[in-house]
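# Per-entry structural report
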Amino acid sequence: MRKSTLSDISKYTGFSPTTISRVLNGKSEQFRISSESQKKIMDAVRELNYRPNYVAQSLRNSATRTIGLLVPCIDNPFFANIASAVIGEAHKHSYPVMVIDTHESIEDENEAIDTLLSRNVDGIIMVPTSDDPTRLTKLAMEKPLVLIDRYFDNCELAYAATDNYRGALDATDLLIKAGHKEILCIQGTPQSITSRQRVEGYLDAMEKAGLSAHAMTCGNEFSTRNGYVETKLALNTGKRISAIFALSNTILLGVIKALREHDMKVPEDISIVSFDDNIYLDFLDPPVTRISQPIDSISMVAVKMLLDRIKGNPTGPGGLLLQPSIILRDSVAPPRP
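Every value quoted in this text rests on a predicted model; they were computed, and no experiment measured them.

What counts and how
- Residues numbered from 1 in each chain as written.
- Predicted model: local features only at pLDDT ≥ 70, side-chain atom pairs only at ≥ 80, totals over all residues.
- Heavy atoms only, no water.
- Helix = DSSP H or I, 4+ residues; strand = E, 2+ residues; numbered from the N terminus.
- Buried < 20%, exposed > 50% of the residue type's maximum accessible area, 1.4 Å probe, protein only.
- Contact = heavy atoms within 4.5 Å.
- Areas by Shrake-Rupley, 256 points an atom, 1.4 Å probe, with all protein chains shown as cover.
- Lys, Arg positive; Asp, Glu negative; His and termini not counted.
- Charge placed at Lys NZ, Arg CZ, Asp CG, Glu CD.
- 1 Å grid on protein atoms, 1.4 Å probe; cavity = no way out; pocket = protein on both sides within 12 Å on 5 of 7 lines; lining within 4 Å.
- Points joined across faces, edges and corners; volume = space filled by probe spheres on them.
- Nonpolar A, V, L, I, M, F, W, Y, C, P; charged D, E, K, R; others polar.

Turning to the overall build of the protein, a few remarks are in order. Counting secondary structure elements, the protein contains 12 helices and 12 strands. In the protein, buried positions account for 49% of the 337 residues. Looking at the protein alone, contacts between residues at least 24 apart form 69% of all its contacts between residues at least 6 apart. Surface exposure of the protein reaches about 16,300 Å², of which carbon and sulfur atoms provide 51%. The centroid of the 37 positive side-chain charges in the protein is displaced by 8 Å from the centroid of its 41 negative side-chain charges.

Here you go:
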């Protein structure tokens, strides 16, 4: 069967090949092509089974219409959700996404960046693993780049993220208002700005309540193993702990495993709160109170920021923090006397 061409689409719809190309290249808004015309063109593209030759286009104009996405741990439900949301949003603009797992490794991240550059992606969205923005600052000068979830203080790199400080402050306040004083905070990767800001929110909430002497922080990675080990160590010291604030849902799973091994019931014996949302948290016994990040909105903002930079007309703020929300469930109760 002969492959359909732009000329075929043009004859079928009555639109010029130029107009059709603009729609396919995501430039409808730039050239004020109506939504009705866009729909007519895209319906024809599907009906005639037209497939743009992006390889040929890239040879002509050095654009591949492909976005690179780097995440530090794809088996972490949060980053899997980020990847899904970015892919879905990019798809609306006809951009496929190449996803690479950097395994929370600076070396793997550098190798992944080199891989994306060698494939001439049009832009990169990434969750950085390093606390040094030097290479990424240089990279942004040659390739459109937007950070998602994590970013750098005092740096001009564009980013879209959650207000992690506010989320942790609200979660700790919730536990304090329930009557808890001995609240253990299990953090993630220490150099990660998300972990640092969550710990800062926790400590500030404890200080404002006059509970600084009771503050307890521990942990070193966003993993189930970390939550399990730190909970076991804390319980085996015999120190009084009435609540645990896990700074990710992966950490939370380790916490729950350790509590079960100690025959501790939630919330009768101990209360728990998690940072990050996932539907499976509602199927635990009891369902877990948690801080929910606006993943869809963050991903939409990140993709828009990147496409604006690809088109050469970045607009709006260089960085944007979106507000989290609390999902109240049954894992928090007043501490036992």
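Continuing now.
Further remarks concern the environment of Ile-87. Tracing the chain through its elements places Ile-87 in helix α5 (residues 77–92). Ile-87 gets classed as partly exposed once you look at its relative accessible area, which sits at 36%. For the pair Ile-87 and Ile-67, spaced 20 residues apart in sequence, the C-alpha separation works out to 9.2 Å. Contacts of Ile-87, omitting those with residues within four sequence positions, involve Val-97 and Val-99.

This structure, assessed with the given rule, holds two cavities of 30 Å³ or more. Volume-wise, the largest cavity comes out at about 70 Å³. Together, Asn-76, Phe-78, Phe-79, Asp-149, Arg-150, Thr-194, Arg-198, Phe-222, Ser-248 and Asp-276 line the largest cavity. Of all the elements in the fold, those that place two or more residues in the lining of the largest cavity are α5 and α9 (193–208). Of the pockets and cavities examined, the second largest cavity occupies roughly 40 Å³. Class assignment of the residues belonging to the lining of the second largest cavity gives a composition of four nonpolar, two polar and four charged.

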